[in-house]
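Each chain, written out:
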Amino acid sequence: MATELGSTTEKLSQLGINGDWAASIPNLQKNLGILSPDQIELAKILLEMGQSHLFEHWPEPGVDDEDKKGFFDQVARLNASYPRGLAAYIQNARRLLADSKAGKNPFDGFTPSVPSGEVLTFGDDNFVKFEETGVREARRAAFILVAGGLGERLGYNGIKVALPSESTTGTCFLHYYIESILVLQEASCQLTEGQSQAEIPLVIMTSDDTHSRTLELLESNAYFGMKPTQVKLLKQEKVACLDDNNARLAADPKNKYRIQTKPHGHGDVHSLLFSSGLLNEWHDAGLKWVLFFQDTNGLLFKAIPAALGVSSIKQYHVNSLAVPRKAKEAIGGITKLTHTDGRTMVINVEYNQLDPLLRATGYADGDVNCETGYSPFPGNINQLILELDPYIKELTKTGGAIEEFVNPKYKDSSKTSFKSSTRLECMMQDYPKTLPPSARVGFTVMDTWLAYAPVKNNPEDAAKIPKGNPYHSATSGETAIYRANSLILRKAGVQINDPVLQVLNGQEVEVWPRIAWKPKWALTFSDVKSKVGGSCTISQRSTLVLNGRNVFIEDLSLDGALIVNSVGDAEVKVGGSIHNKGWVLEQVDYKDASVPEEIRTRGFRINKVEQEELNYIEPGKFSFKP
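Residues numbered from 1 in each chain as written. Predicted model: local features only at pLDDT ≥ 70, side-chain atom pairs only at ≥ 80, totals over all residues. Heavy atoms only, no water.

A few words now on the packing of aromatic side chains. Across all of its chains, the model carries 24 aromatic pairs by this definition. Here Tyr176 and Tyr177 contribute two aromatic rings whose centre-to-centre distance is 5.9 Å and whose plane-to-plane angle is 50°, an arrangement assigned as tilted. A relative accessible area of 13% places Tyr176 in the buried class. Looking at Tyr177, the relative accessible area reads 1%, which means it is buried. A network of ring pairs unites the aromatic residues Phe143, Phe173, Tyr176, Tyr177, Phe293 and Phe301 as a single cluster. When the ring centre of Phe130 is taken as reference, the NZ or CZ atom of Lys129 above it lies at 4.7 Å. Over the aromatic face of Tyr374 sits the side chain of Lys326, whose NZ or CZ is 4.6 Å from the ring centroid. (Phe/Tyr/Trp six-rings, centres within 6.5 Å; stacked < 30°, edge-to-face > 60°. Buried < 20%, exposed > 50% of the residue type's maximum accessible area, 1.4 Å probe, protein only. Lys NZ or Arg CZ within 6 Å of the ring centre and 35° of its normal.)

The parallel open sheet is built from four strands, whose spatial order is E21-E24-E26-E30. Where the open sheet ends on each side, the last strands, each with one partner, are strand E21 (514–517) and strand E30 (612–616). Averaged over all pairs of adjacent strands, the angle between strand axes in this sheet comes to 5°, irrespective of strand direction. (Pairing = 2+ DSSP bridges. Helix = DSSP H or I, 4+ residues; strand = E, 2+ residues; numbered from the N terminus. Axes fitted to C-alpha atoms, helices over the stretch in contact; angles between N-to-C directions.)

Following both chains from N to C, one finds helix H7 (residues 125–137) and helix H12 (residues 300–314) inclined at 85°, their axes separated by 6 Å at the closest point. In terms of their interaxial angle, H7 and H12 are classed as roughly perpendicular. Contacts between H7 and H12 involve Phe127, Lys129, Phe130, Glu131, Thr133, Gly134, Val135 and Glu137 from the first element and Lys302, Pro305, Ala306, Leu308, Gly309, Val310, Ser312 and Ile313 from the second. Residue composition of the contact of H7 with H12, by class: eight nonpolar, four polar and four charged. (Parallel < 35°, antiparallel > 145°, perpendicular 65-115°, else oblique. Contact = heavy atoms within 4.5 Å. Nonpolar A, V, L, I, M, F, W, Y, C, P; charged D, E, K, R; others polar.)

Along strand E24 (residues 543–547), five of the five residues are buried, which leaves the element largely enclosed by surrounding structure. What you see with E24 is no split at all: Thr543, Val545 and Asn547 on one side and Leu544 and Leu546 on the other are buried throughout. Relative to E24, E21 runs parallel, the two being bridged by four bridges. Of the residues in E24, the one forming a bridge with Ala516 is Val545.

On to the confidence of the model for the chain, then. Low pLDDT means the predicted atomic positions in that stretch should not be read closely. Mean pLDDT over the chain: 93, with 96% of residues reaching 70 or higher. Segment residues 1–6 is flagged for pLDDT under 50; beyond a separation of four residues in sequence, or across chains, it makes zero contacts in the model. (pLDDT = per-residue confidence, 0-100.)

On to the nonpolar core, then. Counting residues in each nonpolar core, the largest one holds 101 residues, and the members touching the most others are Phe143, Leu174, Met446 and Leu489. Among the nonpolar cores identified, the runner-up in size contains 36 residues, and Leu28, Phe72, Tyr89 and Tyr410 belong to it. (Core = buried A, V, L, I, M, F, W, Y, C linked by side-chain atoms within 4.5 Å.)

By the definition in use, this model includes 24 salt bridges. Close ionic contact of Asp341 with Arg343 constitutes a salt bridge, the shortest N to O distance being 2.9 Å. As a salt-bridge pair, Glu403 and Lys433 come within 3.9 Å of each other at their nearest N and O atoms. Highlighted residues: Glu403 in the loop between helix H14 (388–398) and strand E15 (404–406) and Lys433 in the loop between strand E16 (424–426) and strand E17 (441–445), separated in sequence by 30 residues. Residue Glu403 is classed as partly exposed on the basis of its relative accessible area of 43%. Assessed through its relative accessible area of 21%, Lys433 is described here as partly exposed. Overlapping salt bridges bring together Asp208, Lys235 and Glu237 as one network. (Salt bridge = Lys/Arg side-chain N within 4 Å of Asp/Glu carboxyl O.)

Let us look at unusual backbone geometry. Positive phi, close to 50°, is recorded for Ala222, a residue that is not glycine. As for its position among the elements, Ala222 is in the loop between helix H9 (211–220) and strand E5 (231–235). Even without glycine at this site, Ala247 takes up a positive phi of about 60°. Take Ala247: it is sitting in the loop between strand E6 (239–240) and strand E7 (251–252). Since its relative accessible area comes to 0%, Ala247 is described here as buried.

Moving on, we get to the environment of Glu510. Mapped onto the fold, Glu510 is located in strand E20 (residues 507–511). Using a relative accessible area of 34% as the deciding quantity, one classes Glu510 as partly exposed. Sequence separation of Glu510 and Pro499 is 11 residues, and the distance between their C-alpha atoms is 5.7 Å. When near neighbours in sequence (up to four residues on either side) are disregarded, Glu510 contacts Thr479, Arg483, Pro499, Val500 and Leu501. At 2.9 Å, the side chain of Glu510 and the side chain of Trp512 are in polar contact. (Polar contact = N/O pair within 3.5 Å; in protein donor to acceptor, adjacent residues only side chain to side chain.)

A few words now on empty space enclosed by the protein. If you walk through the whole model with that rule in mind, you get five cavities of 30 Å³ or more. In this structure, the largest cavity occupies an estimated 320 Å³ of space. In this structure, the largest cavity is lined by 25 residues; those nearest its centre are Tyr176, Lys302, Asn485, Trp517 and Pro519. At the level of elements, helix H8 (173–191), H12, helix H17 (474–491), E21 and helix H18 (525–530) are the ones that each hand at least two residues to the lining of the largest cavity. Among the residues forming the lining of the largest cavity, the class breakdown is 13 nonpolar, seven polar and five charged. Roughly 60 Å³ of internal volume is contained in the second largest cavity. Ser320, Ile334, Val346, Ile347, Asn348, Asn380, Gln429, Pro432, Val441 and Gly442 are the residues that line the second largest cavity. Looking at the lining of the second largest cavity, the elements with two or more residues in it are strand E13 (344–349) and E17. For the lining of the second largest cavity, the element with the highest residue contribution is E13, accounting for three residues. The class makeup of the residues in the lining of the second largest cavity is five nonpolar, five polar and no charged. (1 Å grid on protein atoms, 1.4 Å probe; cavity = no way out; pocket = protein on both sides within 12 Å on 5 of 7 lines; lining within 4 Å. Points joined across faces, edges and corners; volume = space filled by probe spheres on them.)

Given below as structure tokens:
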């Protein structure tokens, strides 16, 4: 026993901790002999930060020793995963909790104004120019998919990226994203002949909830055609929960040897990229752009080439992809903020903060539409394009830390206690808050129908949304893909019948022809125009699936279902009049547990009654005209 006490005293003296300190926490003092020097160092940090309550229940050495060591394993992870460590987290929490209690306005001293950016009109010469530039630049880009969430909020128990983006082909979101990146990669390299063959990196930010299932989805599908070495998974750790205004760390109610944790938010993607070393690797490989995108937006890659072109031509350090926003719509507005001290920043301001901010700074009517019928502040959709070198420079300064916020739920107006534990959070799109005034921060606005149809609400919640507002459900996300493809073909000269309104899962949506194509058929509007000719018509009840690089539609009259599959070296011309019973959209009840979740969430299934299916598995030139 004397030897054990001696070794404990020696460990403490090495750390500059005296006996008085040890005596003040007897339960910890008794257990120091079972801890390593690193664990004692972590204990010292916790005590210095006022967290002695975490050790009050600790029994004598020999009881639960492995659990005690496990506690410090968790503390070590929390300390390592937060920029500048756990002490910095607690200090930041105390400052933000004090501000929250005092009701401090984060925008005090700032005046909002409309920032400068590019507003694109789909299909015009300007749009086509930006698209071509974006395709050319894509070989120097890295893509970052933020995919830390499960589909529980959608009524789906799997990972969100495994959900079908649409039911006609059944292509899941991750498959669609990877196929799009691979097509961009090939097209970009073709436009820059003589340059070395590039492989566009894809990073997926996962969480404890999604990591293993994301890896399994990739491995069981041969990475959807991408080289495994192109894909990196970075797992986000959670952060400690806080029990009170003094940032007292919350013990896990189910395990007294664990600190309760919750997600920190997708802003962690910046610190993960910085600590991974990937940014410097990309710099050394000659990359110039980093694109961030969300996990369930089936329209995004229709907008990415043009947005990347804007970044290149306008030389933006930060480019936020945005959509027109109705005043007071529940979507953040991209805003320029100018402080009385001269500081400026271009950032997303949440919709519930924008109206009071405008009213408080001389805009008597607050958040209102301008002569265009939309708010002058474009709607942020959390898709960012950053120029790599300024990004590395900024993260070197900040360590990847993003300005945080805290949102405690108080028991009463005294704001002295919480209903449940809270934690600090951060958002990916708040990255520009720390940038210098010289940073070139802009935005690119595209039509909502082209760029934004996220899938994030379950059927019950979506059905409660007032008519005319976006549902953001699996139902609306899928029908938006058909609408976008129909409108793109219309712009290319195809006569597409008008949609019908239908109520699916309690949501009134436009049902257009079920038109779907693989990215290899067309990624840009120029691709579409080059593959459509003559006089083509498609009825509202029709289904059209194009799965082949060199499939050309000419003088086609379609009333029914047409599926065209072809290998890359097959050139196929399809035309004439095709009429059959087609594929029928049948309603299902989202409460019907006998129906698979991924079908229930959208409120319909596709009954493949009859179709014309064309399969070309050999190289050559082919023509089909019934």
